[in-house]
Structure formats: C-alpha cells, structure tokens
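Examination of the molecular architecture
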Amino acid sequence: MQDVLLVLETSCVQSSVAAWSGESLLCQAAWRAERNHSSAIFKAVRQVLDALEGRRLKEIVVGSGPGAYGGIRVALAVADGLSLVHGSRVAAFSSWNGLGLHHGEACVMSDARRGGWTWGRLENGVLTDVPAVLPAEQARASVAECMGKGVPVFSTVNGGIILAAREMSGIVPVYPSAEALGAVWLSLAEARREELLESPAEPLYVRAPHITRAKRPAWAVKA
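Bear in mind that the values here come from a model prediction, so they are computed numbers and not experimental data.

1. Looking at the overall build of the protein chain
Counting secondary structure elements, the protein chain contains six helices and 11 strands. Counting across all 223 residues of the protein chain, residues that qualify as buried make up 45%. In the protein chain, the proportion of contacts linking residues at least 24 apart, taken out of those at least 6 apart, comes to 60%. For the protein chain, the exposed surface amounts to about 11,900 Å²; the carbon and sulfur share of it is 53%.

Right under this line is the structure:
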C-alpha cells in the first residue's frame, strides 16, 4: 500500500479535510465552521482516518492561511497530535494555494481587520509571494487596476454584501478546500515540499499581533 497524505484546511468558514494515496484522492469531508472548529474537526478527521485501511500516514499538510487564526491553530494542534501517534511529518502551506484557481493570473484578498486588506497574487493557482496588507484605499485602487486589465479578483470574505458595503464590487467570493490544496502540494517539486516539511509549521501571519498594553503594571494593586 502507498503512504498517505492528509490535508487539513480550516482557514475559512467552509472547512475540509482530505486524504491522498499517491496521486489518488482517497476520501474527503467538509463542514461549515462558524466558531466551532475545535468540535467539528475531530469527527471529520476520524471519518477520513477510518478510510485509510491500514495505510501509513506519512505527511500532514495544514492550510496556514491567511484566514481565521483560531481555525488554523486548531488544525495545527490536530496535526501535531496525529504526528506523535503516526510518526508523520507536518508542513504548513498557504491556504490560498487551495482555491482551485487555475486560469492564469488572478488576485486574492481578504479582510485583515483594522482597516486593512490582505492581498496576494496567483499564477496558475499558486501563490507567487507572501501576501501583503494594504490600506483600504490602496486595496480599492488595486481592485480597480486588476479589473481594468481583465485580471479576476477573488475574496475569501464571507459574503458579497460585506464587499459591496466597502466599495469592493465585482469581486468573486471563493473558499479554499483540502482537495485543491492537496493537489497543488502534490504538484510541487520534491525539493520544495522537503523545504516546507523542514520549516516550522505555523500560521501565516500577515502582520504582527495587536497587543493592548495594560494601563498599570501587572503587579500594581488598587488602593
């Protein structure tokens, strides 16, 4: 039997898991996770693991975002646990590689909060560089530029109403999937896959975390 690749994608509300044996898709499961990644992922993973039929779980790939940090961290924790049991290697791979967009050049954006938008460029479905965070005005200008050049723009934001409200019309909603992410992973050169497997598996942080400083030292006590 061939070894198995397990792919977890939980960066968006539409989450999924898939298993591959060689280049053949063995099985997959999907669920809609609003704020319950930690409760929904285990049932889906159990369903997929039951279909392995004794095959060795060799590698686990986790969609690292951009997206919901909570969902990504839960998937990484699940991957770490499985790796301890099965001796698997774990890699983080940008979720935007799993959007299933294989028609030349395209741009992708998502809400980065605090007035910013995460922006990235794809070539034949593969992210060309680390996504950047753009101010809202620059993001709108980038969208208009792409539209003028005939380059499609997609967004992982949940719902076109949000985009329209922020003057982002003409953008197509899209979600990553474990199946698409696994297909792109398997298409990578072996040296590139090895590089990712050797790197720390962690979320794709597009900006430094926002930390609110305490108004008084932690040791201070009210009189």
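2. A closer look at the packing of aromatic side chains
For the structure shown, the criterion picks out one aromatic pair. Seen in terms of ring centroids, F93 and W185 are 5.5 Å apart; in terms of plane orientation they differ by 75°. Their pairing is edge-to-face. Here F93 is found in strand 5 (residues 89-93), whereas its partner W185 is found in helix 5 (residues 178-187), with 92 residues between them in sequence. By relative accessible area, F93 is classed as buried at 6%. With relative accessibility at 0%, the residue W185 sits in the buried group.

3. With respect to the pattern of salt bridges
Under the definition given, this model contains 10 salt bridges. Its salt-bridge partner being R121, residue E105 comes within 3.0 Å of it at the nearest N-O pair. Taken together, the residues span a long stretch of sequence, with E105 in strand 6 (residues 105-113) and R121 in strand 7 (residues 116-123) at a distance of 16 residues. Of the residues examined, R121 reaches a relative accessible area of 33% and is grouped as partly exposed. Salt-bridge contacts for K149 lead to E145; the nearest nitrogen and oxygen are separated by 3.2 Å. Of this pair, K149 and E145 both sit in helix 3 (residues 136-149), four residues apart, which is roughly one turn of the helix. Its relative accessible area of 62% is what places K149 among the exposed residues. On the accessibility criterion, E145 (45% relative accessible area) is partly exposed. Members of the salt-bridge network, linked through shared partners, are R89, E194 and E198.

4. As for the confidence of the model for the protein chain
Any residue range with low pLDDT should be treated as having predicted coordinates unsuitable for detailed reading. Residues with a pLDDT of 70 or more make up 85% of the protein chain, whose mean pLDDT is 87. Across the protein chain, the secondary-structure element scoring lowest on mean pLDDT is helix 4 (residues 160-165), at 50, and the one scoring highest is strand 5, at 98.

5. Looking at the sheet that holds strand 3 (residues 24-32)
Across the sheet, which stays open at both edges, the five strands sit in the order 3-2-1-4-5 with mixed pairing between neighbours. The sheet is open, and its two edges are formed by strand 3 and strand 5, each paired on a single side. Between one strand axis and the next, the sheet turns through 15° on average, direction left out of account. In the sheet, strand 2 (residues 14-21) pairs with strand 3 via eight bridges, with the strands oriented antiparallel. Along strand 3, the bridge assignment pairs A18 with Q28. Strands in contact with helix 2 (residues 69-86) are strand 1 (4-9), strand 4 (57-63) and strand 5; relative to strand 4, the strand with the most contacts, it is inclined by about 170°. Running over the sheet, helix 6 (residues 190-198) touches strand 4 and strand 5 and is turned about 100° from strand 5.

6. Some details on the nonpolar core
Where a protein is soluble and globular, its nonpolar side chains tend to be buried together. Judged by nonpolar contacts, the single largest core of 26 residues is most densely connected at L6, L8, V17, V45 and I60. With residues near it in sequence (within four places) discarded, V17 still touches L6, V7, L8, C27, Q28, A29, W31, A44, V45, V48 and A178. Formed by 14 residues, the second largest nonpolar core is a distinct cluster that contains V7, W20, L188 and L196.

7. With respect to the pairing of strand 4
Most of strand 4 is tucked away, with six of its seven residues classed as buried. Note that strand 1 and strand 4 share five bridges and pair parallel. Looking at the pairing, V7 lines up with V61 of strand 4. For strand 4 and strand 5, the ladder comprises five bridges, and the chain directions are parallel. Each residue of the ladder has a partner; that of E59, found in strand 5, is R89.

The rules we used
Residues numbered from 1 in each chain as written. Predicted model: local features only at pLDDT ≥ 70, side-chain atom pairs only at ≥ 80, totals over all residues. Heavy atoms only, no water. Helix = DSSP H or I, 4+ residues; strand = E, 2+ residues; numbered from the N terminus. Buried < 20%, exposed > 50% of the residue type's maximum accessible area, 1.4 Å probe, protein only. Contact = heavy atoms within 4.5 Å. Areas by Shrake-Rupley, 256 points an atom, 1.4 Å probe, with all protein chains shown as cover. Phe/Tyr/Trp six-rings, centres within 6.5 Å; stacked < 30°, edge-to-face > 60°. Salt bridge = Lys/Arg side-chain N within 4 Å of Asp/Glu carboxyl O. pLDDT = per-residue confidence, 0-100. Pairing = 2+ DSSP bridges. Axes fitted to C-alpha atoms, helices over the stretch in contact; angles between N-to-C directions. Core = buried A, V, L, I, M, F, W, Y, C linked by side-chain atoms within 4.5 Å.

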